[in-house]
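Below are the chains, spelled out letter by letter.
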Amino acid sequence: MVLKVVINLVIIRDKGFKVVIGLRKGPSWDLAKEDGWIEGETLFEITEACKNDTTIMYLLSDADQKTAWNSIKDLIHGKTLYFSYGFSIVFKDKTGVIPPNDCDVIMVAPKGSGTTVLILFLEGRAEERAYDTGIAMGLGYIFPTTFERETYSDLTGKCGIPMGCIQGIFKAQFEVLISNGHTSSEAFNETIYNNCSTTARRGALDWMNKFYSATEPVVEELCESVRNELKELRESQLWQTAVTVRSLCLETQKN
């Protein structure tokens, strides 16, 4: 996500829009300078960057959004506060990220880059600004959502097809082939590198519904577990201890 966010900021900047980036000094600061951000002109520390801009794109990691919130929350009155993912807002009771009532709150959660030509960044209300920002990023298509739907669908998606589902099917086919006398090289090749031949397309027609029937209940279970596990995690002794330890570390850093 962080990489996509940086790429989208560079795209917007290189299309001629005024973009100021706020970072903490360190490795990221040096990388930003290498990428063309100019210290004192387009590159500032976080609070300084927030003071003079009208749209604040809050793109820190989930943990850092919680940590930095108190330092920027008084700098966003009357402005537009932008998120690329909904975690901090959905779980505001734990993160403390609660925007003031006099600012617009929008989210553009890029799922991938597109080829849309950049159009004019129009003046307008919160919803219009969200669409404008998505267009400026060059996203292939844009659809409305909510912070809560984006957060839970994103978590379900990441645990499902790209990780749990594909890895599970890879493992099953690899082991079944080996148990039926194939070498590990044969099993690996047919599992990972098989091409989309006519035979493979026939397999899709013959076996798609069976795979659907087998996996649909698992996806339902996954979707439900995402909600329950997050609740259990937030209430666990480990999580509560981590909150206390982190607060103590922050106090030590201040002193």
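Above: the structure in question.
Residues numbered from 1 in each chain as written. Predicted model: local features only at pLDDT ≥ 70, side-chain atom pairs only at ≥ 80, totals over all residues. Heavy atoms only, no water.

K.L.:
Explain the nonpolar core here, please?
P.N.:
A general tendency of soluble globular proteins is for nonpolar side chains to be buried together. By size, the foremost hydrophobic cluster in this structure holds 22 residues, and its most contacted members are Tyr 58, Trp 69, Ile 72, Ile 76, Leu 81, Phe 83 and Phe 147. If one sorts the elements of this core by residue count, helix 4 (residues 62-72) sits on top with three residues. Apart from residues no more than four positions distant in its own chain, Tyr 58 is found in contact with Asp 64, Gln 65, Ala 68, Trp 69, Ile 72, Leu 81, Tyr 82 and Phe 83. Judged by nonpolar contacts, the second largest core, of eight residues, contains Ile 12, Leu 23, Trp 29 and Ala 32. (Core = buried A, V, L, I, M, F, W, Y, C linked by side-chain atoms within 4.5 Å. Buried < 20%, exposed > 50% of the residue type's maximum accessible area, 1.4 Å probe, protein only. Helix = DSSP H or I, 4+ residues; strand = E, 2+ residues; numbered from the N terminus. Contact = heavy atoms within 4.5 Å.)

K.L.:
Whenever I open this one, the sheet that holds strand 3 (residues 55-57) confuses me. Can you help?
P.N.:
To summarise the sheet geometry, strands pair through backbone hydrogen bonds and adopt either a parallel or an antiparallel arrangement. An order of 3-4-5 is seen for the three strands of this open sheet, with the pairing classed as parallel. Each edge of the open sheet carries a strand with a single partner, namely strand 3 and strand 5 (104-107). On average, adjacent strands in this sheet sit at an angle of 20° to one another, irrespective of strand direction. Summarising the sheet, strand 4 (residues 80-83) and strand 5 pair through four bridges and their orientation is parallel. Bridged to Phe 83 within strand 5 is Met 107. (Pairing = 2+ DSSP bridges. Axes fitted to C-alpha atoms, helices over the stretch in contact; angles between N-to-C directions.)

K.L.:
Got a minute to help me understand a nonpolar patch on the surface in this structure?
P.N.:
Where nonpolar side chains cluster on the molecular surface, the patch consists of Ile 161, Ile 166, Phe 170, Phe 188 and Ile 192 and spans about 420 Å² of accessible area. Residue assignment for the nonpolar patch shows that the elements contributing at least two residues are helix 8 (147-179) and helix 9 (184-192). Among the elements that make up the nonpolar patch, the one with the highest residue count is helix 8 (three residues). Looking at the secondary structure, you find Phe 188 in helix 9. A relative accessible area of 40% places Phe 188 in the partly exposed class. (Patch = residues over 30% accessible without salt bridge, like charges linked within 9 Å, V, L, I, M, F, W, Y side chains within 5 Å. Areas by Shrake-Rupley, 256 points an atom, 1.4 Å probe, with all protein chains shown as cover. Salt bridge = Lys/Arg side-chain N within 4 Å of Asp/Glu carboxyl O.)

K.L.:
Just to check I follow, could you spell out the pattern of salt bridges for this structure?
P.N.:
Oppositely charged side chains can form a pair if their charged atoms are brought close together. Applying the stated criterion across every chain, the model contains five salt bridges. The shortest N-O distance in the salt bridge between Glu 39 and Lys 33 comes to 3.4 Å. A salt bridge links Glu 175 to Lys 171, with the nearest nitrogen and oxygen atoms 2.9 Å apart. With Glu 175 and Lys 171 both in helix 8, this residue pair falls four residues apart, about one helical turn. Of the residues examined, Glu 175 reaches a relative accessible area of 42% and is grouped as partly exposed. Each of Lys 25, Lys 33 and Glu 39 takes part in one network of salt bridges that share partners.

K.L.:
Looking at this structure, how should I read the pairing of strand 4?
P.N.:
Successive side chains on a regular strand alternate, one facing one side of the sheet and the next facing the other. A two-sided burial pattern is seen for strand 4, the buried positions comprising Thr 80 and Tyr 82 on one face and Leu 81 and Phe 83 on the other. As paired strands, strand 3 and strand 4 are joined by three bridges and run parallel to one another. Bridge pairing in strand 4 places Met 57 opposite Tyr 82. Handedness of the β-α-β unit built from strand 3, helix 4 and strand 4 comes out right-handed. (Right-handed = clockwise from strand over helix to strand, strands pointing away.)

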